[in-house]
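An overview of the molecular structure
This is what each chain is made of:
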Amino acid sequence: MATSASLPKTAYCYDPQFLKHDLPGHPENRSRLEHALAALEQSGLLVRMLPLTPRPVDLDLLGRVHSAGYIASLRALAQRGGGHLDADTYVGPASFDVALLAAGGLVELVRAVLEGQARNGIALVRPPGHHAVPARGMGFCLFNNIAVAARAALDLFGLSRVLIVDWDVHHGNGTQDIFYDSPQVLFFSTHQYPHYPGTGHWRETGTGAGTGYTVNVPLPAGVGDRGFGRIFDEVLTPLAERYQPQLILVSAGYDAHWNDPLAGLNLSVAGYWRLARTVVGLAERLCEGRVIVTLEGGYNLEVLGAGLVATCHALLGDSDPGPDPLGPSPWAERPVDEVLRAVKGAHGL
Ligand code: ZN
């Protein structure tokens, strides 16, 4: 007989369908997830976790995040064989269905965590989502998976305060746009600035009833483990304590690593481990451990695998992050005092 102590703690969502959205030679291709899954298997972590099977997201729920016109035009583009939404963002014949399944995977995790089947979870999904705005996909993203997850938690499960932490190196402009006027989602983002997509200044803090519920921490190239540690301790932690979230969602990009080919921040795998531990610790203290991580960017395959292994160890409550094949950044850190002062001032911390 199962006791509460034997219930699986960490759920994960994966489906081989996620590999069918692919463009060889593009940085956001199927090998990312293949490599990530292999790393998690080799680390012995997957067998300790509860597998969840994703289902395509309900179109009514998706329609509360994206416009009907965009959803219809993406479906039509895939049915015609595919094309590009912009120079960076490809759509193949399977991409519409894969994107529905990725967003649906997040909903399954929300359900599992809020219904008590799992304490926390991770979505090993593609395509990523945090750049997708209501009326279009962009920046490799088709549907905003994490926004759909937040919407599900608010609308289907009656929550009223969801914290989204976005540690991808790029600003989560889509997630920001979708909840810019809402106090029901506190959006916290660290990102290289200026950098793609160009948004994410600390002066962007929300609008109307949502004023103060968007918290941007724009970082100059070169910020690494020490700076991120200070930001999570001195900004994210007091913000979360003040907000008292009922659920924490994480847009986990591993492209803020020092060896990522697309950007210039300086995190190490050990630095990512520290971020994940901080977020899991906040969830344990503030919302019964409820935290769901979803994969966004990360384009060095070795980093992606090691970063996800470290993140899963944190979700499982382990005391060791696993191997860090690349080690610490070889470059000196840029200080974060100036941006810390600005962000704290803007948000009364
Ligand atoms: Zn990114």
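Residues numbered from 1 in each chain as written. Predicted model: local features only at pLDDT ≥ 70, side-chain atom pairs only at ≥ 80, totals over all residues. Heavy atoms only, no water.

With that settled, consider the coordination of the zinc ion. In this structure, Asp 168 (OD), Asp 168 (OD), His 170 (ND1) and Asp 255 (OD) serve as the protein donors to the zinc ion, at separations of 2.0 to 2.7 Å. Metal-centred angles of 53 to 154° between the four donor atoms at the zinc ion mark the site as irregular. Written as a sequence motif, the donor arrangement for the zinc ion is D-x1-H-x84-D. Placement of His 170 in the loop between β6 (162-166) and α6 (173-178) and of Asp 255 in the loop between β9 (247-252) and α8 (269-286) is noted, with a sequence separation of 85 residues between them. The two residues His 170 and Asp 255 agree in class, both being buried. (Donors = N, O, S within 2.8 Å, 3.2 Å for Na, K, Ca; no water. Tetrahedral: all angles 85-135°; square planar, octahedral: opposite > 155°, others 65-115°. Helix = DSSP H or I, 4+ residues; strand = E, 2+ residues; numbered from the N terminus. Buried < 20%, exposed > 50% of the residue type's maximum accessible area, 1.4 Å probe, protein only.)

Looking now at the sheet that holds strand β1 (residues 10-13). Read from one edge to the other, the open sheet built from eight strands follows the order β2-β1-β5-β10-β9-β6-β7-β8, with strand pairing classed as parallel. Unpaired on one side and paired on the other, β2 (50-52) and β8 (214-219) mark the two borders of the sheet. Across this sheet, the average inter-strand angle for adjacent strands is 15°, counted without regard to direction. Summarising the sheet, β6 and β9 pair through five bridges and their orientation is parallel. The residue bridging Leu 163 from the neighbouring strand is Ile 248, located in β9. (Pairing = 2+ DSSP bridges. Axes fitted to C-alpha atoms, helices over the stretch in contact; angles between N-to-C directions.)

Moving on to the environment of Pro 323. Positionally, Pro 323 belongs in the loop between α9 (301-316) and α10 (337-346). In the structure, Pro 323 is positioned 13 residues away from Ala 310 in sequence and 8.2 Å away in space, judged by C-alpha atoms. When residues no more than four places from it in sequence are discounted, the contact partners of Pro 323 are Val 269 and Ala 306. (Contact = heavy atoms within 4.5 Å.)

On to the pattern of salt bridges, then. This model, assessed by the stated rule, comprises 15 salt bridges. Here Arg 274 makes a salt bridge to Asp 233, at a shortest N to O gap of 2.4 Å. One end of the pair, Arg 274, is in helix α8; the other, Asp 233, is in helix α7 (residues 225-243), with 41 residues separating them in the sequence. (Salt bridge = Lys/Arg side-chain N within 4 Å of Asp/Glu carboxyl O.)

What follows is about the side chain of His 171. With respect to the secondary-structure elements, His 171 resides in the loop between β6 and α6. Classification of His 171 by relative accessible area gives buried; the value is 0%. Once residues lying within four places of it in the same chain are set aside, the contact partners of His 171 are His 130, His 131, Gln 176, Phe 187, Ser 189, His 191, Tyr 196, Pro 197, Thr 199, Gly 200, Glu 204 and Asn 216.

This part takes up empty space enclosed by the protein. Following the criterion strictly, the structure yields one cavity of 30 Å³ or more and no others. When its volume is computed, the largest cavity comes out at roughly 30 Å³. Trp 167, Val 250, Ala 276, Val 279, Val 280, Val 291, Val 293, Thr 311 and Leu 315 together form the lining of the largest cavity. Those elements giving two or more residues to the lining of the largest cavity turn out to be α8, β10 (291-295) and α9. A per-element tally of the lining of the largest cavity places α8 first, with three residues. Residues that form the lining of the largest cavity fall into these classes: eight nonpolar, one polar and no charged. (1 Å grid on protein atoms, 1.4 Å probe; cavity = no way out; pocket = protein on both sides within 12 Å on 5 of 7 lines; lining within 4 Å. Points joined across faces, edges and corners; volume = space filled by probe spheres on them. Nonpolar A, V, L, I, M, F, W, Y, C, P; charged D, E, K, R; others polar.)

This next bit is on the nonpolar core. The biggest cluster of nonpolar side chains holds 121 residues, and the ones touching the most others in it are Val 165, Trp 167, Phe 188, Phe 232 and Ile 248. Looking at this core, the element that brings in the most residues is helix α4 (residues 95-114), giving 14 residues. Excluding residues that lie within four positions of it along the chain, Val 165 makes contacts with Phe 188, Phe 232, Leu 236, Ile 248, Leu 249, Val 250, Ser 251 and Val 279. (Core = buried A, V, L, I, M, F, W, Y, C linked by side-chain atoms within 4.5 Å.)

Attention shifts here to the packing of aromatic side chains. How two aromatic rings sit relative to each other is given by the distance of their centres and the angle of their planes. Applying the stated criterion across every chain yields a total of ten aromatic pairs. For the ring pair Phe 188 and Phe 232, a centre distance of 5.7 Å and an interplane angle of 85° mean the geometry is edge-to-face. Here the residue Phe 188 occupies a position in strand β7 (residues 185-192), and Phe 232 occupies one in helix α7, the gap between them amounting to 44 residues. In this structure an aromatic cluster arises from ring pairing among Tyr 70, Phe 96 and Phe 143. (Phe/Tyr/Trp six-rings, centres within 6.5 Å; stacked < 30°, edge-to-face > 60°.)

When the terminal C-alpha atoms of α4 are compared, their 29 Å separation across 20 residues agrees well with the 28 Å that a helix rising 1.5 Å per residue should span. Along α4, 18 of the 20 residues are buried, which leaves the element largely enclosed by surrounding structure. At the exit of α4 stands Gly 116, carrying a positive phi of roughly 85°. (Expected span 1.5 Å × (residues − 1).)

Take the state of the cysteines next. All chains considered together, the criterion is met by zero disulfides. The cysteine Cys 287 is free of any disulfide, with Cys 312 supplying the nearest cysteine sulfur at 18 Å. (Disulfide = S-S within 2.5 Å.)

Attention now moves to unusual backbone geometry. A cis amide bond, omega -5°, links Tyr 193 with the succeeding residue Pro 194. In this structure, Phe 140 takes a positive phi of about 75° despite not being glycine. Summarising the element assignment, Phe 140 is placed in the loop between β5 (120-123) and α5 (145-155). One non-glycine residue, Gln 244, adopts positive backbone phi at about 55°. Its place among the elements puts Gln 244 in the loop between α7 and β9.

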